[in-house]
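# Summary of structural features
Each chain, letter by letter, is given below.
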Amino acid sequence: MSAELLVDLGDDPATAQLGQLKLATIEDQQWPADESTLSKSETDISQRFDADSPHLPWDHPFYDIARHQIIEVAGDDNFGRKVIVFNACRMPPQHQLDHHKLLMYLKGTLDQYVESDYTLIYFHHGLTSENKPSLSWLRDAYREFDRKYKKNIKALYIVHPTMFIKTLLILFKPIISFKFGRKINYVSYLSELEDVVKCDQLIIPARVKEYDNKLRASLKPTAQPPMSPPRSPPLPNQVFGVPLALLRQRSPDGDCVPVVMRDTIGFLSDQGLEIEGIFRRSANVTLVKEVQLRYNSGTTVNFREMEDVHLAAVILKTFLRELPEPLLTYQLYNEIVNFTSVSSESQVTVMKTLVESLPEENYASLRYLITFLAQVSANSEVNKMTNSNLAVVFGPNLLWGRDNAMSLSAIGPINNFARTLLDQQHLVFT
């Protein structure tokens, strides 16, 4: 499921052997043959991927794939990287799913994020002889994914791996680069994911949670893996994960814009506008946690002393993502997801009405952020961050549903709203 695994096999002798592979000794004895291959028209589907479709109507080319919620986007991980989730247990039986179109849908998802650092999480439980794709599908996938998809993937986490998946990767070892082999991580229990991403921002299928509980129950008490750590009570000066209204009350001057946003944006305005790929790179997770702790302890943070543009960028995104309620608020979720139905001549008026309905501290913080991002975009010839690119980065950090993770049917409209807000910010905030 990793982009890096999908390399072009070319004429490697192992290719022929894969077609005859029978894993009779593994939990699932064989993968049914698939005689079809990707046609040119199927390949071109990826070019028609419509990320801005509000809810993927029934006649949308990817409706039959999206409705299963096999692939989801779950915000940023602890390193500031986008998280793409693949749920094997949500794959229907083979005869009910077009696996070629699933591949194109996966490519369409990744196309939005491959220019940035990103992480893949693959929940393996639930892949059975009834719903797993064929080996010929894997070969098609190898040929479809190129360096564009491999370059910025930083890790692939395979959750609840079985002997089948481990054996398959061993068989593929000759054609997997050493560099990428180091990116593959087996995760035996859900609690181990906490080092990578906050599990409560993932919509983990109930079947996966139940399976995880069974695995834990089967272990002897002395071998029990640690549970996910409980949430710590907030510190007196807690900044991350605290409502904007409370941060405003604590501010000595009653500033509506939180200190984290003022510090990071002030530094990035001076030092980051001409940095190529600003907001696309991850940061050292130890430094991120250290800076968060300093803020939460009431200690002054000076990013100019650290001289790390990407660290400041990740801190800004992390602060927004950890708000208990998104900056654009849950109240506006439906209006924003359905914003694409607003006529172009009415969009500015509607958008202006929406943002002006926000609480004062939300409005002030949003205006402060968008004004800065407009500066970033003005330097896009150098930093390569256009309004569209910034919207892909910040959309999921400005709004999410109450269940946190989002399918592409929701994230597309949210990104579209963010892009339009950036395009029209000079009119919306007047």
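For clarity, every value in this text was computed on a predicted model and none was experimentally measured. (Residues numbered from 1 in each chain as written. Predicted model: local features only at pLDDT ≥ 70, side-chain atom pairs only at ≥ 80, totals over all residues. Heavy atoms only, no water.)

Moving on, we come to the packing of helix H12 (residues 285-296) against helix H14 (residues 309-321). Between two packed helices, what matters for the description is the angle formed by their axes and the separation of those axes. Axis separation between H12 and H14 bottoms out at 10 Å; the angle between their running directions is 60 degrees. Classified by the angle between their axes, H12 and H14 sit oblique to one another. For the element pair H12 and H14, the recorded crossing hand is right-handed. In this structure, H12 contributes Leu287, Val288, Val291, Gln292 and Tyr295 to the contact, and H14 contributes Leu311, Val314, Ile315 and Thr318. (Axes fitted to C-alpha atoms, helices over the stretch in contact; angles between N-to-C directions. Helix = DSSP H or I, 4+ residues; strand = E, 2+ residues; numbered from the N terminus. Parallel < 35°, antiparallel > 145°, perpendicular 65-115°, else oblique. Left-handed = near helix turned anticlockwise from the far one by under 90°. Contact = heavy atoms within 4.5 Å.)

So, about the sheet that holds strand S3 (residues 118-123). An order of S1-S2-S3-S4-S5 is seen for the 5 strands of this open sheet, with the pairing classed as mixed. Looking along the sheet, the strands with just one partner apiece sit at the ends: strand S1 (71-76) and strand S5 (184-187). Mean inter-strand twist for the sheet, computed between neighbouring axes without regard to direction, equals 20 degrees. Direction of pairing for strand S2 (residues 82-87) relative to S3: parallel, over a ladder of 6 bridges. From the neighbouring strand, Asn87 faces S3, where its bridge partner is Phe123. (Pairing = 2+ DSSP bridges.)

What follows covers the pairing of strand S4 (residues 153-159). Most of S4 is tucked away: 6 of the 7 residues are buried. Bridge analysis of S4 against S5 gives 4 bridges, and the strand direction is parallel. Bridged to Leu156 within S5 is Ile184. (Buried < 20%, exposed > 50% of the residue type's maximum accessible area, 1.4 Å probe, protein only.)

Turning to the nonpolar core, a few remarks are in order. If you look at the biggest cluster of nonpolar residues, it comprises 63 residues, and the most contacted ones within it are Leu268, Phe279, Phe319, Leu366, Leu369 and Phe394. If one sorts the elements of this core by residue count, H14 sits on top with 9 residues. Filtering out sequence-adjacent residues up to four positions away, Phe394 remains in contact with Phe279, Leu316, Lys317, Leu320, Leu369 and Leu373. Core analysis: the next-biggest nonpolar cluster, separate from the first, contains 42 residues, Met91, Leu138, Ile165 and Ile184 among them. (Core = buried A, V, L, I, M, F, W, Y, C linked by side-chain atoms within 4.5 Å.)

Here the structure, examined in full by the defined rule, presents 9 aromatic pairs. Among the aromatic side chains, those forming a connected cluster through ring pairs are Phe240, Tyr295 and Phe319. A cation over an aromatic ring shows up here: Lys132 above the ring of Phe164, its NZ or CZ 4.5 Å from the ring centre. Sitting above the plane of the Tyr186 ring, Lys166 keeps its charged end 5.3 Å from the centroid. (Phe/Tyr/Trp six-rings, centres within 6.5 Å; stacked < 30°, edge-to-face > 60°. Lys NZ or Arg CZ within 6 Å of the ring centre and 35° of its normal.)

Per-residue confidence for the chain gives a mean pLDDT of 81; residues scoring 70 or more make up 80%. Confidence scores differ between elements of the chain, with helix H2 (residues 40-44) showing the lowest mean pLDDT of 36 and helix H17 (residues 360-378) the highest of 97. A low-confidence stretch, residues 1-55 stays under pLDDT 50, and its non-local contacts, those more than four residues away or across chains, total 127 contacts. (pLDDT = per-residue confidence, 0-100.)

A regular strand carries its side chains on alternate faces of the sheet. Along S1, 6 of the 6 residues are buried, which leaves the element largely enclosed by surrounding structure. The sheet contact formed by S1 and S2 spans 4 bridges and is antiparallel. When the bridges of S2 are listed, Ile71 appears paired with Phe86. Turn length for the S1-S2 hairpin, with the two strands adjacent in sequence and antiparallel, is 5 residues, and the turn residue Gly80 shows positive phi of about 85 degrees.

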